[in-house]
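# Summary of structural features
Chain by chain, the residues run as shown.
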Amino acid sequence: MVKIIVGIEGMMCGNCEAHVNEAIRKNFQVKQVKASHVDNQAVIIAKNEIPETELKSIIEECGYKMTGVESEAYEKKGLFGLFK
């Protein structure tokens, strides 16, 4: 699993966040996505890496600007993560 943090400029409200979340879910196989107009980013949890160029294309199609992307290994935390 991988955690991908995408910098996004142009989101102004909750509807913008929903628009980005929906576009990412529709175009990529993700476990979780949460966009934030306050933090100017979207955090994506996915099984595999997402190609940066494809991600940028989808975000720009929505009318926003991708300012950067970083990824790191993600390990589920919580009660069920203890039994691995």
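Not measured: the values here are computed from a predicted model.

## Some words on the pairing of strand E3 (residues 41-46)
Relative to E3, strand E1 (residues 2-9) is paired through six bridges, and the arrangement is antiparallel. Looking at E3, one finds that Ile5 is bridged to Val43. The sheet contact formed by strand E2 (residues 32-36) and E3 spans five bridges and is antiparallel. Among the inter-strand pairings, Ser36 is bridged to a residue of E3, identified as Gln41. The turn joining E2 and E3, which pair antiparallel and follow one another in sequence, is formed by four residues; a positive phi near 55° is taken by Asn40.

Parameters at a glance
- Residues numbered from 1 in each chain as written.
- Predicted model: local features only at pLDDT ≥ 70, side-chain atom pairs only at ≥ 80, totals over all residues.
- Heavy atoms only, no water.
- Pairing = 2+ DSSP bridges.
- Helix = DSSP H or I, 4+ residues; strand = E, 2+ residues; numbered from the N terminus.

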